Amino acid sequence: MNFVYEKLFGGKQGFIGLLILAALILIVFPLFFDIFRLNLIGKYLTYAFAAVSLVLLWGYGGTLSLGQGIFFGLGGYGMAMFLKLEASSAENTSIQSTPGIPDFMDWNQITELPWFWVPFNSFTLTLIAILTIPALFAYIIGAAMFKRRVGGVYFAIITQVIAVILTILIVGQQGFTGGINGITDLRTLNGWDITSDSAKYIFYFINCGLLIAVIIASRFILTSKFGSLLLAMRDKEDRVRFSGYDVSNFKIFVFCFAALISAIGGALFTLQVGFMSPSFVGIVPSIEMVIFAAVGGRMSLIGAVYGTLLVNAGKTAFSESFPELWLFLMGGLFISVVMFFPNGLAGLWDDYGHYVTRHFSFLSTLKNKLFKKSPSIALEAANDSNVSEQQMTKL
Amino acid sequence: MVSNNTDFTLAVEDLTVSFDGFKAVDNLTLYLDRNELHVVIGPNGAGKTTVLDLICGKTKSTSGSIKFLNKELTNMAEHEIVRAGVGRKFQTPSIYENLSVLENLEVSYPHGRGVFGSIMFKRTSEVIEKIHQIADQIMLRDELETEAGLLSHGQKQWLEIGMLLIQDPQLLMLDEPVAGMSVREREQTAELLNKISQGRSVLVIEHDMDFVERIADKVTVLHQGKILAAGNMKEVQADPKVIEVYLGH
């Protein structure tokens, strides 16, 4: 029990943080926002998958990827291809010169479904593809880079270049990919209308559940010896290598895992937003994902989620009123995070959080009530973490 | 190439490495017996650190052979050489500053070295016992929970030695282990080295002559990539060539 508690939730601090996040996205948001806003939050939370993946890869692993959009996009396109095929049944597309293939293929004089589209007729194969292809692609990139000991800024540039290449490829191969417009007009999932409000609610909760699962899985990895090794490699790569570890394998693994997480986010994005396009693959979204992680705190899995929500809320609010100013503001935000609070929101909370709890005493009494402690016991507990742990396990 | 098997722990034969024509190590032959504590000395630029780099695989040799327990090391990857039983300490203390002393030792513990092995690695009582045993040896038992970056310079050097000891290498290579240490710390380190060289071979690079005298079974003097003299400390110190290039300075 204690093992599970420490490993999966990261001890008391991490457990409380996760509880608060879960309460916020699972209870507070659905209660206070209508389905339109909730769907928007759901969209933001799909970016949070990419932000969490960057905490692992960049915050702990020290390897900055400026191409998480690649994997987000691959996941999103995988899901979009399945939904598009379902929307392109022979009856729905009877006016086309070749019925039964997606409309954009017909417009581009393609008369037969390309071979790589065929597996996406099956939902099972689609899910397998979403969970394996991005990770496999990351393995190829990672093995090619890390085995040759390419890292740091070179790695960042190469991932960015791959993101550009993929975008150009998608835009250029209009007949196979839907081009610049992306894959649109997605309606049903196994006959179930995905544009209905009830479907949106269900996707939102699936999204939240998976996000929490991803955070727990990431925490399990970070609290293991693997997590210590990531930090050790970031600090002194040679020392790790000369302690008998094949450093490149560890980097490849964390890159693949980050790709997998991002791809899950991408697939959920398509389901909730109802389309996928190359504008979620290229440089701009990839860099935005880095900003989300940086603002939230690149060493904090939960912070990355808050960072994503906050920046996107800001983006929506500002770009509704000052669309042309938003990009400057975003750039300014990134620079100020890097210069003034490099550990992001999570770092600010670690440094100044106790002021907040002190000045808003109701918060700490609430906390004590929550954990069934009188303030005096809470003080003792602060001195003796074993006591508080026992109290927590009773909960 | 010589390919005879020997009784030596380490047999370096005709080892040469050249960087753009400059021979940093030139036709070097060096043998280490079981349980021998061997010190390599020499002026700056003599190629001492390069020899260690070559043995542990950090630098690839141009020609020659390095055999560790009759196993050829020259074509092995760094981590394979470590797993074969060669540990190497770097010149500047190379520890993980953000991790605690305990975590530093745990990361160096020779189990769970694969990706999945490390994820499933458990801190069993066996691991803890080994960590405590090593911590006792390197005089850091009371600092297990301290963040390694906060240790003194000497303690960092010991910690790195401990990180090697926990892997129980057959050959331990130390690059200037007492550089920057106080007199008291040097004495403690000499004691430590004499203790840990029981049951394994140790190759040390050092500048401090008093320290060398205290620990060395055998001394090799390196000059411009070549061996100038070898033997015990007395013989080496009496050698006129050595006096000229090194000790006389």
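Above this text sits the structure in question.
In this report, we go over the structure that sits alongside the text. What you are looking at is a predicted structure, and each value in this text was computed from that prediction instead of being measured. (Residues numbered from 1 in each chain as written. Chains lettered and ligands numbered in written order. Predicted model: local features only at pLDDT ≥ 70, side-chain atom pairs only at ≥ 80, totals over all residues. Heavy atoms only, no water.)

Description of the overall build of chain A
If you tally the helices and strands in chain A, you get 19 helices and 2 strands. Looking at chain A as a whole, 52% of its 395 residues are labelled buried. Taking the intrachain contacts of chain A between residues at least 6 apart in sequence as the baseline, contacts between residues at least 24 apart amount to 75%. Of the roughly 18,100 Å² of accessible surface on chain A, a fraction of 68% belongs to carbon and sulfur atoms. (Helix = DSSP H or I, 4+ residues; strand = E, 2+ residues; numbered from the N terminus. Buried < 20%, exposed > 50% of the residue type's maximum accessible area, 1.4 Å probe, protein only. Contact = heavy atoms within 4.5 Å. Areas by Shrake-Rupley, 256 points an atom, 1.4 Å probe, with all protein chains shown as cover.)

A look at the pairing of strand S4 (residues 63–68) of chain B
Residue and element names in this part refer to chain B. S4 sits mainly inside the fold: 5 of its 6 residues count as buried. As judged from the 5 bridges shared by strand S1 (residues 10–19) and S4, these two strands associate in the antiparallel manner. Along S4, the bridge assignment pairs Ala 11 with Lys 67. Here S4 hands over to strand S5 (residues 71–72) after 2 residues, with Leu 69 in that stretch at a positive phi of 50°. (Pairing = 2+ DSSP bridges.)

Structural notes on the interface of chain B and chain A
Counting from both sides, the interface comprises 35 residues of chain B and, opposite them, 27 residues of chain A. Of the roughly 2,600 Å² buried where chain B meets chain A, counting both sides, 61% is carbon and sulfur surface. By the criterion of area lost to chain A, the three top residues of chain B are Tyr 96, Val 107 and Ile 119 of chain B, representing 23% of everything that side buries. At the junction of chain B and chain A, the tally comes to 3 salt bridges. In this assembly, chain B and chain A are joined by 14 residue pairs in polar contact (both at pLDDT 80 or more). If you list the elements that add at least two residues to the side of chain B that touches chain A, you get helix H2 (78–84), strand S6 (86–89), helix H3 (101–108), helix H4 (115–120) and helix H6 (153–165) of chain B. Residue contributions to the side of chain B that touches chain A peak at 5 residues, all from H4 of chain B. (Buried area = accessible area lost by both parts, 1.4 Å probe. Salt bridge = Lys/Arg side-chain N within 4 Å of Asp/Glu carboxyl O. Polar contact = N/O pair within 3.5 Å; in protein donor to acceptor, adjacent residues only side chain to side chain.)

Brief notes about the side chain of Lys 156 of chain B
All names here are of chain B. Positionally, Lys 156 belongs in helix H6. The exposure class of Lys 156 is buried, given its relative accessible area of 15%. Setting aside its immediate chain neighbours within four residues, Lys 156 contacts Pro 93, Ile 95, Glu 97, Ala 148, Gly 149 and Leu 151.

Focus: helix H7 (residues 183–196) of chain B
All names here are of chain B. Over its 14 residues, H7 runs 20 Å from end to end, which matches the ideal 20 Å to within 8%, given 1.5 Å per residue. Residues Glu 185, Gln 188, Thr 189, Ala 190, Leu 192, Leu 193 and Ile 196 constitute the buried set of H7. Looking at the buried positions of H7, the neighbouring elements they touch are strand S3 (37–41), helix H5 (125–137), H6, strand S7 (171–175), strand S8 (201–205) and helix H8 (209–215). (Expected span 1.5 Å × (residues − 1).)

Thoughts on the layout of surface pockets
Residue and element names in this part refer to chain A. One number sums up the size of the second largest pocket: a volume of about 540 Å³. Around the second largest pocket sit 20 residues that line it, and Leu 74, Tyr 77, Met 81, Phe 116 and Leu 166 are the ones nearest its centre. For the lining of the second largest pocket, the secondary-structure elements that each account for two or more residues are helix H4 (68–87), helix H6 (123–146), helix H7 (152–172) and helix H8 (174–177). Looking at the lining of the second largest pocket residue by residue, the classes come out as 16 nonpolar, 4 polar and no charged. (1 Å grid on protein atoms, 1.4 Å probe; cavity = no way out; pocket = protein on both sides within 12 Å on 5 of 7 lines; lining within 4 Å. Points joined across faces, edges and corners; volume = space filled by probe spheres on them. Nonpolar A, V, L, I, M, F, W, Y, C, P; charged D, E, K, R; others polar.)

Describing a nonpolar patch on the surface
All names here are of chain A. On the surface, a nonpolar cluster with roughly 740 Å² of combined accessible area is contributed by Leu 26, Ile 27, Val 28, Leu 31, Phe 32, Phe 33, Tyr 201 and Phe 205. Those elements giving two or more residues to the nonpolar patch turn out to be helix H2 (11–32) and helix H9 (197–223). Considering every element that reaches the nonpolar patch, the biggest residue donor is H2, with 5 residues. Of note, Leu 26 is situated in helix H2. Residue classification places Leu 26 among the partly exposed residues on the basis of a relative accessible area of 32%. (Patch = residues over 30% accessible without salt bridge, like charges linked within 9 Å, V, L, I, M, F, W, Y side chains within 5 Å.)

Digging into the packing of H4 of chain A against H6 of chain A
Residues and elements named next belong to chain A. Here H4 crosses H6 at 160°, and the two axes come no closer than 9 Å. Taken together, the axes of H4 and H6 lie roughly antiparallel to each other. Read as a crossing pair, H4 and H6 show a hand that is right-handed. Within the contact between the two elements, H4 uses Ile 70, Phe 71, Leu 74, Gly 75, Gly 78, Met 79 and Phe 82 and H6 uses Phe 123, Thr 126, Leu 127, Ile 130, Pro 134, Phe 137, Ala 138 and Ile 141. Residue composition of the contact of H4 with H6, grouped by class: 12 nonpolar, 3 polar and no charged. (Axes fitted to C-alpha atoms, helices over the stretch in contact; angles between N-to-C directions. Parallel < 35°, antiparallel > 145°, perpendicular 65-115°, else oblique. Left-handed = near helix turned anticlockwise from the far one by under 90°.)

Some details on the pattern of salt bridges
Per the stated rule, a full pass over the model turns up 20 salt bridges over all chains. Taking the shortest distance from any N to any O, the salt bridge between Asp 26 of chain B and Lys 226 of chain B comes out at 3.6 Å. Within this pair, whereas Asp 26 of chain B is found in strand S2 (residues 22–32), its partner Lys 226 of chain B is found in strand S10 (residues 226–231), the two being separated by 200 residues in sequence. Overall, the relative accessible area of 18% leaves Asp 26 of chain B in the buried class. Counted as one network, the salt bridges with shared partners bring together Glu 237, Asp 238, Arg 241 and Lys 251 of chain A together with Lys 58 of chain B.

Considerations on the environment of Arg 214 of chain B
Residue and element names in this part refer to chain B. Tracing the sequence through the fold places Arg 214 in helix H8. For the pair Arg 214 and Asn 194, spaced 20 residues apart in the sequence, the C-alpha separation amounts to 9.1 Å. Setting aside its immediate chain neighbours within four residues, Arg 214 contacts Arg 186, Glu 187, Ala 190 and Asn 194.

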